[in-house]
Amino acid sequence: MRFRPCIDIHNGKVKQIVGSSLSDGSSDLRENFVSEKDAPFYARLFSQNDLKGGHAIILNKKGTPEYDASLKQCLDALSAFPGGIQAGGGIDDKNAKVFLDAGASHVIVTSFVFSDGRIDYDNLEKISSAVSKDHLVLDMSCKKFDGKYFVMTDRWQKKTEEEFDHKLLEKLSEYCDEFLIHAVDVEGKNSGLSEDVFRILSGFDTLPVTYAGGISTYDDIEKAGRLGGGRVDITIGSALDIYGGNLEFSKVLDICKNL
């Protein structure tokens, strides 16, 4: 099981937030941590530890001044660790090359592909062709409704009609190189991982998968290794000491290497 680091960027700052609190009106935004360090600082840290395959995510809405500030931080981070970081946030077939040219190994896409409550296969074909399958990660953030999980879009605010399950993962595997899965119900809450989401992921081995959401203890990390059979990679945000949490960065790396 690999540890995949993250750099979440909001309003030009590296932050850890409760994802479900993020909306166009930011009055309800819940911030767990706001760093005094910039995004390239974290990129260099991850480079020094040879942690390839992490991601830098812009959390602002595209087309706003805040997005532009976060975009600069993201591009600077990519340049600080060329080929080591995936980039996401407001990416489509027209601007994807900007991120790849800046050093991103992959681009991460959600809302461009999942729109109006469904999969837009035209856009999926466009982005897959623009960057090639080998450089595309699909972010399928999911949330539970009436016992089933559904893909969420627009910074985790909008529910689609697409049920998140093995069938969907297999169906979309032909278009991308990896999946990034955010468990929205627990993301940013330090309340433990979602075992239900892990059970969905554990039987899928067609492509690499990274799980994000709720991991807050060393026991959670070991549980992730058991539930995922060592095949599901993990990322941790606000629980890490580098983001104001209690989990030691170096210890997390050691545990993951042995799972």
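Shown above is the structure to which this text applies.
This section reports on the structure supplied with the text. What you see is a predicted model, and the numbers here were worked out from it, not measured in a lab.

## Remarks on the sheet that holds strand β11 (residues 148–153)
The antiparallel open sheet is built from 3 strands, whose spatial order is β10-β11-β12. The sheet is open, and its two borders are formed by β10 (142–145) and β12 (158–163), each paired with just one other strand. Strand-to-strand, the axes of this sheet are offset by a mean angle of 50°, without reference to chain direction. Where β10 and β11 come together, 4 bridges link them in antiparallel fashion. Following the sheet pairing, K143 is matched in β11 by F150.

## Topic: the nonpolar core
I7, F99, F164 and F179 are the most contacted members of the largest nonpolar core, which totals 77 residues. Excluding its chain neighbours within four sequence positions, the residues that come into contact with F179 are V137, L138, M140, L169, L172, S173, F204, L207, P208, V209 and T210. By size, the runner-up hydrophobic cluster in this structure holds 6 residues, among which are I17, I57, I108 and L180.

## With respect to the packing of helix α6 (residues 195–202) against helix α7 (residues 218–227)
The N-to-C vectors of α6 and α7 enclose an angle of 35°; their axes lie 9 Å apart at closest approach. Facing E195, F198 and S202 of α6, the residues of α7 in contact are K223, A224 and L227. Taken together, the residues of the contact of α6 with α7 sort by class into 3 nonpolar, 1 polar and 2 charged.

## Topic: the pairing of strand β2 (residues 13–17)
A large share of β2 lies buried, amounting to 4 of its 5 residues. Alignment of strand β1 (residues 6–10) against β2, held across 2 bridges, turns out to be antiparallel. Looking across to β2, one finds that H10 is bridged to K13. With antiparallel pairing between neighbouring strands as the criterion, β1 and β2 make up a hairpin whose turn holds 2 residues, including N11 at a positive phi of roughly 55°.

## Considering the sheet that holds β2
An order of β3-β2-β1-β4-β5-β6-β9-β13-β14-β15 is seen for the 10 strands of this open sheet, with the pairing classed as mixed. Among the strands making up the open sheet, the edge pair consists of β3 (31–34) and β15 (232–235). Here the strands of the sheet are splayed against their neighbours by 30° on average, with no regard to which way each runs. The sheet contact formed by strand β13 (residues 178–182) and strand β14 (residues 209–212) spans 4 bridges and is parallel. Note that in β14 the partner of I181 across the bridge is Y211. Across the sheet, helix α4 (residues 121–131) touches β6 (106–109) and β9 (136–139), and the angle it forms with β9 is around 145°. Strands β13, β14 and β15 of the sheet are contacted by α6, whose axis makes an angle of about 180° with β14.

## What about unusual backbone geometry?
In this structure, S132 takes a positive phi of about 75° despite not being glycine. Structurally, S132 is set in the loop between α4 and β9. With a phi close to 50°, D146 is a non-glycine residue in the positive phi region. Of note, D146 is situated in the loop between β10 and β11.

Calculation rules
Residues numbered from 1 in each chain as written. Predicted model: local features only at pLDDT ≥ 70, side-chain atom pairs only at ≥ 80, totals over all residues. Heavy atoms only, no water. Pairing = 2+ DSSP bridges. Helix = DSSP H or I, 4+ residues; strand = E, 2+ residues; numbered from the N terminus. Axes fitted to C-alpha atoms, helices over the stretch in contact; angles between N-to-C directions. Core = buried A, V, L, I, M, F, W, Y, C linked by side-chain atoms within 4.5 Å. Buried < 20%, exposed > 50% of the residue type's maximum accessible area, 1.4 Å probe, protein only. Contact = heavy atoms within 4.5 Å. Nonpolar A, V, L, I, M, F, W, Y, C, P; charged D, E, K, R; others polar.

Note that all results are geometric; they support no functional claim without further evidence.
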